Amino acid sequence: MDDFTNLKVLPPRSVQEALDLGRVYHDQLVAAMPGLLVHSNDTILHCSATLARLLGYESAESIQALPGAMTLVPEDDRHTEQDVYTRCLKGLIRSQVRRIKRHRADGSVQWFD
């Protein structure tokens, strides 16, 4: 039973249908996020088109072409961001709401909550 619609939800009829539904869910989830950047040790692995637009870039590929994720972080915030990232990798903190700032394509600063 779907908690939102109160309609009965049938299981997928095949593995392929389950994979297709998974792709639809993934695409809807990513589209709903205000911005998504996936990185590993400063190497940008993925950037959503939404985040690229929010930061004034023409495409996600423009951000992926940057030398690293920290390029988007203003110099005065880099130490804090590196500390938060390190603690997160060690499992010392869970995701938290906090105010961050990032460089836009034109060099100005964009704040996010």
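Right above here is the structure, for reference.
Residues numbered from 1 in each chain as written. Predicted model: local features only at pLDDT ≥ 70, side-chain atom pairs only at ≥ 80, totals over all residues. Heavy atoms only, no water.

Novice: Break down the side chain of Lys-101 for me, with residues and values.
Specialist: Inspection of the secondary structure puts Lys-101 in strand S3 (residues 100-103). The class for Lys-101 is buried, based on a relative accessible area of 12%. Within the structure, the side chain of Lys-101 is placed 2.8 Å from the side chain of Asp-76, a separation counted as a polar contact. For Lys-101, the residues in contact, after removing those within four places along its chain, are Leu-72, Val-73, Pro-74, Asp-76, Asp-77, Val-109, Gln-110 and Trp-111. (Helix = DSSP H or I, 4+ residues; strand = E, 2+ residues; numbered from the N terminus. Buried < 20%, exposed > 50% of the residue type's maximum accessible area, 1.4 Å probe, protein only. Polar contact = N/O pair within 3.5 Å; in protein donor to acceptor, adjacent residues only side chain to side chain. Contact = heavy atoms within 4.5 Å.)

Novice: A description of the pairing of strand S4 (residues 109-112) should follow, citing residues and the corresponding values.
Specialist: Looking at chain direction, S3 and S4 are connected through four bridges and run antiparallel. Counted as the bridge partner of His-103 is Val-109 from S4. (Pairing = 2+ DSSP bridges.)

Novice: Give me the pattern of salt bridges: which residues, what numbers.
Specialist: Counted by the stated rule, this structure contains six salt bridges. A salt bridge links Lys-101 to Asp-76; the nearest nitrogen and oxygen atoms lie 2.8 Å apart. Of the two residues, Lys-101 sits in strand S3 while Asp-76 sits in the loop between helix H3 (60-64) and helix H4 (78-89), which places them 25 residues apart along the sequence. Note that Arg-102 is salt-bridged to Glu-81, the shortest N-O span being 3.2 Å. Taken together, the positions of Arg-102 in strand S3 and Glu-81 in helix H4 put the pair 21 residues apart, joining distant regions of the chain. Each member of the pair Arg-102 and Glu-81 is classed as buried. (Salt bridge = Lys/Arg side-chain N within 4 Å of Asp/Glu carboxyl O.)

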